[in-house]
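Coordinate analysis (summary)
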Amino acid sequence: MRFADHDPLNRMRFPVDDWALVETEFGVDDMGRTETLFAVGNGYLGLRGNVEEGRDGHMHGTFVNGFHETWPIRHAEEAFGFARVGQTIVNAPDAKVIRLYVDDEPLVLTIAEILSYERRLDFRLGALSRSIEWRTPSGKRVLITSRRMVSFTDRHLALIDYEVELLDADAAVTISSQILNRQDGRDEYRSGVQETPAGFDPRKAEQFLDRVLQPRVRRAEGSRYLLGYQCTNSGMTIAVAAEHAIETENQFTESGTIGDDLAKHIYRVDAKQGQPIRITKMISYHTARTVPARELADRADRTLDRALELGVAEIFAQQRSWLDDYWARSDVEIEAQPALQQATRWNLFQLAQATARTDGDGVAAKGVSGSGYGGHYFWDSEVYVLPFLSYTAPIVARNVLRFRQRMLDAARARALELNQRGALFPWRTINGQESSAYYAAGTAQYHIDADIAYALRQYVAATGDEDFLARGAIDILVETARMWEDLGFWRSNNTDDIFHIHGVTGPDEYTTVVNDNLYTNVMARANLAAAASAVDNLQVHDPLAYHKLVERLGVTPAEVGSWRRAAAHMHIPYDEQLGIHPQDSAFLQKELWDLENTPEDRRPLLLHYHPLVIYRFQVLKQADVVLALYLQGDRFSTEQKRADFEYYDPLTTGDSTLSAVVQSIVAAEVGYHELAMRYFRSALFVDLADLHHNAADGVHVASTGGVWSALVSGFGGFRDHNGVFTFDPRLPDAWSKLTFRLTLRGTRIRVTVEPASISFAVEVGDEARVRVRGTDVVVTAEAPVTVPLDGQGPRLYGAPTMQDVTGTRRADGTILTASIPTLSLDVDEEEAAIPFD
């Protein structure tokens with residue numbers, strides 16, 4: 001695990017600001033990271049934090065959620081049911097580009113003489129601003145200021161302001177505003193185009209070799225330019241348009257050119273000292289699966305026409321108003337911790353940028369901030385992002401779940417292909433088809449069905465939106481329950497019948513295709529029980545909707561009874577000798593991987609060891625059993641949680657960014673308060689400080705959602721098992737106050753945790769009912785409530801270690817020992833000693 005025990009940011013370059021991420025010095029070596037950190041987006045459209053001038057960059061990127069190309073997956077050795085269609089997000093035409101020339105000298109930040117520099121991503125304004133003072137090669141000082149935003153109120157709209165002012169001399173200024181198809185490498189400067197293949201890393205997006213975007217439309221009318229394309233294989237279409245305006249007292253001329261892959265609007269200005277030149281660029285993106293590009297072009301025109309009617313000031317005012325409401329619903333305040341406060345708000349702002357205007361699409365692993373993981377949707381969004389949405393933005397949560405509902409037909413087809421009844425959702429996808437070529441750590445993760453069902457049940461409990469189930473979302477519960485009941489099997493012992501699930505992979509991808517994975521079984525049990533309960537409730541409370549369900553899916557009382565029986569008899573592995581829940585039926589038979597003595601240059605393990613090497617050991621990529629302890633915490637005792645955490649924590653590498661937040665939550669619950677803070681800080685800064693060395697690929701969106709959960713559920717102690725909202729806080733010793741908001745069945749409450757009390761106040765709505773350490777509390781708009789607390793739960797010091805695990809005995813009497821696969825280390829040393837001619 002990569003810990004951030006102290007503030008990992010250079011505060012001379014990134015000063016603390018409660019409501020903004022600020023950069024005071026341009027960095028060349030970490031441009032990939034800062035392009036991610038300063039990206040702007042709205043869940044549909046994302047612009048990476050590339051410099052406007054368009055040459056310098058690690059990876060120039062403009063991404064539209066769900067806009068992808070397909071390609072045939074070619075397996076070296078074929079087998080029935082392998083994924084066939086790969087899907088990768090497309091780098092959409094880049095309309096950010098505004099090239100600047102002063103006396104025909106281009107501004108290229110990496111080599112320019114920069115006298116002053118500041119870049120600011122403002123979390124309340126929803127805009128990225130930049131101010132640069134540049135001394136040209138001839139000695140003239142030029143001030144360049146810019147603003148960039150992607151609208152939260154109009155999902156198809158982006159806007160750029162670009163202003164140039166000569167400070168001490170006159171000069172000839174040329175400004176070239178462009179739309180550029182970078183996806184197909186049509187950039188004369190080869191900006192952001194990899195000339196050599198990068199090293200192996202399965203987390204990166206696939207690279208296309210053939211042309212992706214086929215030109216369909218190009219149009220230039222006055223100061224408006226439009227390019228339209230269709231993807232070669234997927235057939236998806238896109239139109240991008242830009243409208244230009246100039247404000248200046250200087251004399252100028254304007255002209256333009258347009259081709260299939262490049263449109264330019266050029267201003268030539270006779271710039272006088274002290275007379276600014278301001279360019280406004282309004283941009284619109286529209287995409288579709290089946291609509292022709294020409295129709296999208298018309299939509300893009302209408303978006304720009306509305307924007308022109310509103311005007312720049314009103315567009316920014318609407319952005320501020322939207323974010324005022326967002327922060328009123330979503331802000332988390334950590335008193336007297338400015339660095340943590342800034343990082344927390346950056347993470348929460350990323351959640352807005354990844355989810356706000358998905359409007360029926362999914363939430364990609366990198367949102368719209370980068371191409372990492374190919375723009376795919378995983379189970380991450382249901383387990384890590386949906387809790388935040390369900391309790392702060394229910395309509396967005398509902399839209400994301402509707403996206404899964406629309407995938408049901410494809411999920412049914414996939415289940416049938418794998419010889420199962422019901423529905424099996426793809427582990428990674430954009431268009432609904434399974435896109436994971438490595439089935440052992442992909443398709444075998446059947447738990448995604450239970451994860452989606454969990455998110456649906458949590459949303460309904462949080463909102464009371466039973467109508468959503470009645471209108472068809474219950475089909476998700478029914479079809480996933482059918483899959484589990486069909487996948488599992490019964491085995492009898494001397495006293496009872498036991499339901500088992502074999503041949504699956506849990507969240508931990510360092511252990512694959514196992515029998516009775518603890519997480520899978522626990523979540524499947526909840527899925528089966530929830531489906532049975534939902535059908536029974538529908539029959540009682542909405543007979544008409546129940547009748548439609550029976551007609552639609554053929555559900556029978558006997559079938560519902562079989563789900564309930566399977567849930568009641570689900571096998572939950574437990575080892576009496578060690579006093580823990582084994583991760584799966586064979587996990588404890590393996591040797592321990594000695595992580596404490598594994599060199600850092602061998603991490604993450606997936607980049608340095610063959611999967612078969614990793615699979616032979618007790619070692620975890622991410623929390624598995626520990627995640628079950630959190631999500632299904634009411635099904636485990638306090639003693640079991642502590643014992644499981646102490647066993648698995650030393651075995652968990654944290655090679656996945658999904659792990660630290662869960663370890664923080666459970667560490668806080670069982671009492672390891674210092675360790676909980678270490679894990680929290682690691683999650684909080686994973687992108688800001690690039691702790692996993694892949695922030696350049698985009699924001700780890702699931703981790704940002706996990707940061708919210710670590711604050712609200714970890715330190716705030718919030719749980720929602722079975723629709724009962726409970727609190728058992730674990731405020732860190734160094735914190736004086738933690739404040740957050742939750743919307744519970746239409747009522748928004750403000751929760752304030754202090755060392756000796758927890759307080760509740762209604763901000764919107766009438767009343768909310770919660771429970772604090774077993775005591776029922778009713779909070780109304782007229783009567784805020786403060787509940788005294790006797791401490792912040794158990795306090796354990798230090799952290800579990802490998803020494804706590806090694807030396808103990810398995811049930812068969814053998815001793816658990818730890819080691820490292822050292823042959824590869826020895827080989828490296830031998831190869832290093834071999835001289836080369």
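Residues numbered from 1 in each chain as written. Predicted model: local features only at pLDDT ≥ 70, side-chain atom pairs only at ≥ 80, totals over all residues. Heavy atoms only, no water.

Attention now goes to the overall build of the protein chain. When you go through the protein chain residue by residue, the secondary structure sums to 20 helices and 33 strands. For 837 residues, the compact-globule estimate of 2.2 N^0.38 gives 28 Å, and the protein chain sits close to it at 28 Å. In terms of overall dimensions, the protein chain has a C-alpha envelope of 95 × 75 × 60 Å along the principal axes. Put simply, the protein chain has 837 residues, and 63% of those count as buried. Taking all contacts inside the protein chain whose residues are at least 6 apart in sequence as the whole, residues at least 24 apart take part in 69%. (Helix = DSSP H or I, 4+ residues; strand = E, 2+ residues; numbered from the N terminus. Rg over C-alpha atoms; globule rule 2.2 N^0.38 Å. Buried < 20%, exposed > 50% of the residue type's maximum accessible area, 1.4 Å probe, protein only. Contact = heavy atoms within 4.5 Å.)

With that out of the way, let us pick up the packing of helix H16 (residues 659-670) against helix H18 (residues 701-715). Close contact between H16 and H18 brings their axes to 8 Å; oriented N to C, the two are set at 5°. In this view, H16 runs roughly parallel relative to H18, as classed from their interaxial angle. Between H16, through Val661, Ser664, Ile665 and Ala668, and H18, the contact on the second element is made entirely by Ser703, Gly706, Val707, Ser709, Ala710, Ser713, Gly714 and Phe715. Per-class residue counts for the contact of H16 with H18 are six nonpolar, six polar and no charged. (Axes fitted to C-alpha atoms, helices over the stretch in contact; angles between N-to-C directions. Parallel < 35°, antiparallel > 145°, perpendicular 65-115°, else oblique. Nonpolar A, V, L, I, M, F, W, Y, C, P; charged D, E, K, R; others polar.)

The next subject is the side chain of Thr743. Tracing the backbone through its elements, the reader meets Thr743 in strand E27 (residues 738-744). When sequence neighbours within four positions are dropped, the list of residues in contact with Thr743 reads Ser390, Tyr391, Ala462 and Arg748.

Note that strand E30 (residues 767-772) and strand E31 (residues 775-780) share six bridges and pair antiparallel. Considered in E31, the bridge of Ala768 is made with Val779. The loop that links E30 with its antiparallel partner E31 comprises two residues; one of these, Arg773, has a positive phi angle of about 45°. (Pairing = 2+ DSSP bridges.)

Further remarks concern the sheet that holds E27. In spatial order, the strands read E20-E27-E28-E29-E32; together these five strands make up an open sheet with antiparallel pairing. Looking at the sheet topology across the chains shown, the edges are occupied by strand E20 (333-334) and strand E32 (785-788). Bridge count between strand E28 (residues 747-754) and strand E29 (residues 757-764): seven bridges; the pairing is antiparallel. Within the sheet, the bridge partner assigned to Thr752 lies in E29 and is Ser759.

Turning next to the pattern of salt bridges. Going through the model one piece at a time under the given rule, you end up with 65 salt bridges. Arg357 is the partner of Asp359 in a salt bridge, and the nearest nitrogen-oxygen pair spans 2.8 Å. Note on Asp359: relative accessible area 34%, which makes it partly exposed. Of the residues examined, Arg357 reaches a relative accessible area of 18% and is grouped as buried. (Salt bridge = Lys/Arg side-chain N within 4 Å of Asp/Glu carboxyl O.)

Right, let's get into the sheet that holds strand E1 (residues 20-23). Taking strand neighbours across the sheet as the criterion, the nine strands line up as E1-E9-E10-E11-E12-E19-E16-E15-E14 in an open arrangement whose pairing is antiparallel. With partners counted over all chains shown, the strands left at the sheet margins are E1 and strand E14 (213-221), one partner each. Strand-to-strand twist across the sheet, computed as the mean angle between neighbouring axes with direction ignored, equals 15°. Of the pairings in the sheet, the one linking E14 to strand E15 (residues 224-231) comprises eight bridges and is antiparallel in character.

Per-residue pLDDT for the protein chain averages 94, and the proportion of residues at 70 or more is 95%. Scored below 50 in pLDDT, residues 191-198 makes 10 contacts in the model with residues more than four places away or belonging to other chains. Contacts for the low-pLDDT stretch residues 829-837, under 50 throughout, to residues beyond four places or in other chains number one contact. (pLDDT = per-residue confidence, 0-100.)

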